[in-house]
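Observations on the three-dimensional arrangement
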Amino acid sequence: YPVFCGDALLLNGIDQLLNGLTWLAPPAAGKAGEIAEDENENPVELETDSTAKPAAVVFKTVADPFIGKLSYIKVISGRISQETPLVDMRTGETVRVGKTLSVRGRKQEDVSGIGAGDIGVVPKLQNVKTGDTLCSPERKVRLEGVNYPAPCLSMAVLPKNKGEDDKVAQGILRLAEEDPTIRF
């Protein structure tokens, strides 16, 4: 186990820590990329390369009250921008990317595209859910989505007033769209 000495107040020894990390840690390029499945369920290795055909996985969905539905994606290969034609492998439908965003905290910034290895947001993707693979029509692959734990708590939700069953059901369905661990 490497041991480094440093001073957080005066930042003494921080340069040795950073140099030691670059020397000891494995390069990111060696750990990048993923194994996907093609249409015939054969394994395909995807390199983290911005010039390759695009492939991305939706790992989170958020319903923003002002913008609408935000799909957080991790781009494995290629580059996703407004001109990029994509296919949702779950439904087989063509997906149109309106714009791409970079999120830093609560700030959302428009970007020209999301490159390989980056995480970004695509707003207003219709019929796209958490865990879906978005890929190029020329190279159709399916990436493994996020494995969420099975729910271990169950409870009943009742409306406060009679006749509000539909409102409660729509609210729960909206929550279930964001959180895949909620079952209804």
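Now for a quick tour of the structure.

Thresholds, definitions, all that
- Residues numbered from 1 in each chain as written.
- Predicted model: local features only at pLDDT ≥ 70, side-chain atom pairs only at ≥ 80, totals over all residues.
- Heavy atoms only, no water.
- Pairing = 2+ DSSP bridges.
- Helix = DSSP H or I, 4+ residues; strand = E, 2+ residues; numbered from the N terminus.
- 1 Å grid on protein atoms, 1.4 Å probe; cavity = no way out; pocket = protein on both sides within 12 Å on 5 of 7 lines; lining within 4 Å.
- Points joined across faces, edges and corners; volume = space filled by probe spheres on them.
- Nonpolar A, V, L, I, M, F, W, Y, C, P; charged D, E, K, R; others polar.
- Patch = residues over 30% accessible without salt bridge, like charges linked within 9 Å, V, L, I, M, F, W, Y side chains within 5 Å.
- Areas by Shrake-Rupley, 256 points an atom, 1.4 Å probe, with all protein chains shown as cover.
- Salt bridge = Lys/Arg side-chain N within 4 Å of Asp/Glu carboxyl O.
- Buried < 20%, exposed > 50% of the residue type's maximum accessible area, 1.4 Å probe, protein only.
- Phe/Tyr/Trp six-rings, centres within 6.5 Å; stacked < 30°, edge-to-face > 60°.
- Lys NZ or Arg CZ within 6 Å of the ring centre and 35° of its normal.
- Contact = heavy atoms within 4.5 Å.

**Details of the pairing of strand 2 (residues 43–46)**
Regular strands have side chains that alternate between both faces of the sheet. Pairing of strand 1 (residues 34–38) with strand 2 involves four bridges; the strand directions are antiparallel. Along strand 2, the bridge assignment pairs Ala36 with Val44. Adjacent in sequence and paired antiparallel, strand 1 and strand 2 are bridged by four residues, among which Glu41 carries a positive phi angle near 65°.

**A word on the layout of surface pockets**
Of the voids in this model, the largest pocket is the one considered here, and its volume is about 270 Å³. What lines the largest pocket is simply Pro151, Leu153, Ser154, Met155, Val157, Ile172, Leu175, Thr181, Ile182, Arg183 and Phe184. When its volume is computed, the second largest pocket comes out at roughly 160 Å³. Looking at the second largest pocket, the residues that line it are Lys69, Val128, Lys129, Thr130, Leu173, Ala176, Glu177 and Pro180. A per-element tally of the lining of the second largest pocket places helix 3 (residues 165–178) first, with three residues. For the lining of the second largest pocket, the class distribution of residues is four nonpolar, one polar and three charged.

**What to know about unusual backbone geometry**
The bulk of non-glycine residues show a negative phi, and the bulk of peptide bonds are trans. Backbone geometry places Leu11, a non-glycine residue, at a positive phi of 60°. With respect to the element layout, Leu11 can be found in the segment before helix 1 (14–24).

**Observations regarding a nonpolar patch on the surface**
A surface patch of nonpolar side chains, amounting to about 800 Å² of accessible area, comprises Phe4, Leu11, Ile14, Leu17, Leu18, Leu21, Trp23 and Leu24. Along the polypeptide, Leu21 turns up in helix 1. For Leu21, a relative accessible area of 46% corresponds to the partly exposed category.

**Thoughts on the sheet that holds strand 13 (residues 141–142)**
Whenever strands of a sheet pair, they do so through backbone hydrogen bonds, lying parallel or antiparallel. Across the sheet, three strands lie side by side as 2-1-13; this open sheet has antiparallel pairing. Edge strands, defined here as strands with exactly one partner in the open sheet, are strand 2 and strand 13.

**With respect to the packing of aromatic side chains**
The full count for this structure, using the stated rule, is one aromatic pair. The ring of Tyr72 is capped by Lys60, whose NZ or CZ atom sits 5.4 Å from the centre of that ring.

**Focus on the environment of Pro123**
Along the chain, Pro123 falls in strand 11 (residues 119–123). On the basis of relative accessibility, which here comes to 7%, the residue Pro123 falls in the buried class. Considering only alpha carbons, one finds Pro123 and Leu70, 53 residues apart in sequence, at a separation of 4.4 Å. Contacts of Pro123, omitting those with residues within four sequence positions, involve Ile67, Lys69, Leu70, Lys99 and Leu101.

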